[in-house]
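Coordinates in review
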Amino acid sequence: MIDTHTHLDDEQFANDLQETVDRAKAAGIESVFLPAIDAKSSKRVIDICKQYPQYAFPMIGLHPEEVKADYPEQLDTIWHSLNEASSDIIAIGEAGLDFYWSREFEQEQLAAFEEQVRWSVKTRLPLMIHCRKAQNEMVKILRRYESQLPGGVFHCFTGNAIEAKELLSFDRFVLGIGGVLTFKKSHLPEVLPENVPLSRIVLETDSPYMAPVPMRGKRNEPAFVAYVLQRMAEAYNVTSAEVEQQTNDNVKRVFAMLKH
């Protein structure tokens, strides 16, 4: 299994990072992808991935909730980090739009996201996209670059059939599915098999957040992606091995850097 989205640079892992990685390996996680959220975490993510070569892979970008008035300076710093470590970076992200709490920095978010979309086009690195309460605005920006984009992941998909169809129209992109799939009130076990082929899904935890059942309420970690895989196999009525093989193939298709 591959955890395509884990914040191992989060302070919640500061005291047991090695043990967390050991548990992930013991659970059958063959690699983990670390998204950054701002300039400081971009540096942390790169440093952590150097500790675990060919196991932990860095993505760098500016998360929409971190976009404030100083976003141009943040982007400049991140772009500099990207150029310095270009051979190691596997994606741009976590980038996107989030209007869930506030639209205070709406224009700044739109500008910062579009700039990172242009980075993806320029570098040929896929996008790791965070989107909450902003799908229309996100899609509008992506359509402008659709033919040029190398692909990416719509991280933490929790939407309905109509939203899934719209996102899947970006044919080089996949949906990132995590712990929400296992929640009692989640509609994903019905929505996904009816609308999303397994060839368009990758697994993720978003750890330390949103731990899956039966670990809900605890700190999430990469090892727990196994619970997501198990629930997905049940939803699609296939074996866990089939889900593992297909989702791993999907990761390697989207993140072409891993082939080298």
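Figured I'd write up the structure that's included with this text. Please read all numbers here as calculations on a predicted model, not as lab measurements.

**A look at the environment of Ser41**
Mapped onto the elements of the fold, Ser41 is located in helix α2 (residues 39–51). Judged by its relative accessible area of 1%, Ser41 falls in the buried class. Placed 121 residues apart in sequence, Ser41 and Ile162 show a C-alpha to C-alpha distance of 34 Å. Here the side chain of Ser41 touches Ile37 through a polar contact of 2.6 Å, landing on its backbone nitrogen.

**Focus: helix α1 (residues 17–26)**
Within α1 the residues assigned to the buried category are Leu17, Thr20, Val21 and Ala24. Viewed along the axis of α1, the buried residues span an arc of 95°, placing them on a single side of the element. On its buried face, α1 is in contact with α2. Of the residues trailing α1, Gly28 is marked for its positive phi of about 95°.

**Points about the pairing of strand β4 (residues 91–98)**
Extensive coverage of β4 is indicated by the burial of 8 of its 8 residues. One ladder, built from 2 bridges, connects strand β3 (residues 56–60) with β4; its direction is parallel. For Met59, the partnering residue across the bridge sits in β4 and is Ala91. The pairing of β4 with strand β5 (residues 127–132) spans 5 bridges and is parallel. Within β5, the residue paired with Gly96 across the bridge is His130. With helix α4 (residues 106–123) bridging β4 and the parallel β5, this β-α-β connection has right-handed handedness.

What counts and what doesn't
- Residues numbered from 1 in each chain as written.
- Predicted model: local features only at pLDDT ≥ 70, side-chain atom pairs only at ≥ 80, totals over all residues.
- Heavy atoms only, no water.
- Helix = DSSP H or I, 4+ residues; strand = E, 2+ residues; numbered from the N terminus.
- Buried < 20%, exposed > 50% of the residue type's maximum accessible area, 1.4 Å probe, protein only.
- Polar contact = N/O pair within 3.5 Å; in protein donor to acceptor, adjacent residues only side chain to side chain.
- Arc of directions from axis to C-beta.
- Contact = heavy atoms within 4.5 Å.
- Pairing = 2+ DSSP bridges.
- Right-handed = clockwise from strand over helix to strand, strands pointing away.

That's the geometry; what it means functionally is another story.
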